[in-house]
Amino acid sequence: MIRQILLMGLLASGSAFAQIPDWFDPNESTAENAAGAKDDGASAADATRGLIAAGEDPAHSVQAVIQTYNTCDAVYDSVKAAAGTDADRAGDLVQAASASGSCPCVGENIWA
């Protein structure tokens, strides 16, 4: 339990100093920036963290990454990355992923 609390603190403090990635363009939408991250070779997790570091809403970031990367692994990686920056919103982030209407997972239990 103590280890989990310490790790959560490290995740939260580490995200406070995250840099805005080179692929981020403040004049583009969240979806366009997610596509830019993918084109630049960023993983779904890194794209999510980059969008959030640039000030994008975590739930919108998750949805944009899911739509752009379009893989079941990307759903899990994106939600996990976003929850690492704001653990209090983990439930909202899972809901955002399932409500996105474009979840590519079919009969897979990605939360196991």
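So, here's what we can say about the structure. (Residues numbered from 1 in each chain as written. Predicted model: local features only at pLDDT ≥ 70, side-chain atom pairs only at ≥ 80, totals over all residues. Heavy atoms only, no water.)

1. Here we look at the side chain of Ser61
Turning to step 1, where the next piece is worked out: When you line up the elements, Ser61 lands in helix H4 (residues 58-69).
Turning to step 2, where the next piece is worked out: For Ser61, the contacting residues outside a window of four places in its chain are Thr30, Thr48, Leu51, Ile52, Glu56 and Ser78. (Helix = DSSP H or I, 4+ residues; strand = E, 2+ residues; numbered from the N terminus. Contact = heavy atoms within 4.5 Å.)

2. Let's talk about the packing of H4 against helix H6 (residues 90-99)
Turning to step 1, where the next piece is worked out: For the pair H4 and H6, interaxial distance at closest approach is 9 Å and the crossing angle is 35°. Every pair of crossing elements has a handedness; the one defined by H4 and H6 is right-handed. Contact residues: H4 offers Pro58, Ala59, Val62, Gln63 and Ile66, while H6 offers Leu93, Ala96 and Ala97.
Turning to step 2, where the next piece is worked out: Tallied by class, the residues present in the contact of H4 with H6 amount to 7 nonpolar, 1 polar and no charged. (Axes fitted to C-alpha atoms, helices over the stretch in contact; angles between N-to-C directions. Left-handed = near helix turned anticlockwise from the far one by under 90°. Nonpolar A, V, L, I, M, F, W, Y, C, P; charged D, E, K, R; others polar.)

3. Thoughts on the environment of Ala34
Turning to step 1, where the next piece is worked out: Secondary-structure assignment places Ala34 in helix H2 (residues 30-39).
Turning to step 2, where the next piece is worked out: Under the relative-accessibility criterion, Ala34 is labelled buried at 0%.
Turning to step 3, where the next piece is worked out: For the pair Ala34 and Gln67, spaced 33 residues apart in the sequence, the C-alpha separation amounts to 8.8 Å.
Turning to step 4, where the next piece is worked out: Apart from the residues within four sequence positions on either side, Ala34 is in contact with Leu51, Ala64, Val65, Thr68 and Tyr69. (Buried < 20%, exposed > 50% of the residue type's maximum accessible area, 1.4 Å probe, protein only.)

4. A short note on H6
Turning to step 1, where the next piece is worked out: The complete set of buried residues in H6 reads Leu93, Ala96 and Ala97. In an axial view of H6, the angular spread of the buried residues amounts to 100°, which keeps them on one side of the axis. In this structure, H6 carries Gly91, Gln95, Ser98 and Ala99 as exposed residues pointing more than 90 degrees from its buried face.
Turning to step 2, where the next piece is worked out: Buried residues in H6 make contact with H4 and helix H5 (72-85).
Turning to step 3, where the next piece is worked out: Looking at the residues trailing H6, positive phi occurs at Gly101, about 75°. (Arc of directions from axis to C-beta.)

5. Considering the nonpolar core
Turning to step 1, where the next piece is worked out: Among the nonpolar cores identified, the biggest contains 13 residues, and Val62, Ile66, Val75, Val79, Ala82, Leu93 and Ala97 are the most heavily contacted of them.
Turning to step 2, where the next piece is worked out: Elements with a contribution of two residues or more to this core: H4, H5 and H6.
Turning to step 3, where the next piece is worked out: Listed in part, the 12 residues of the second largest apolar core include Ala34, Ala42, Leu51 and Ala74. (Core = buried A, V, L, I, M, F, W, Y, C linked by side-chain atoms within 4.5 Å.)

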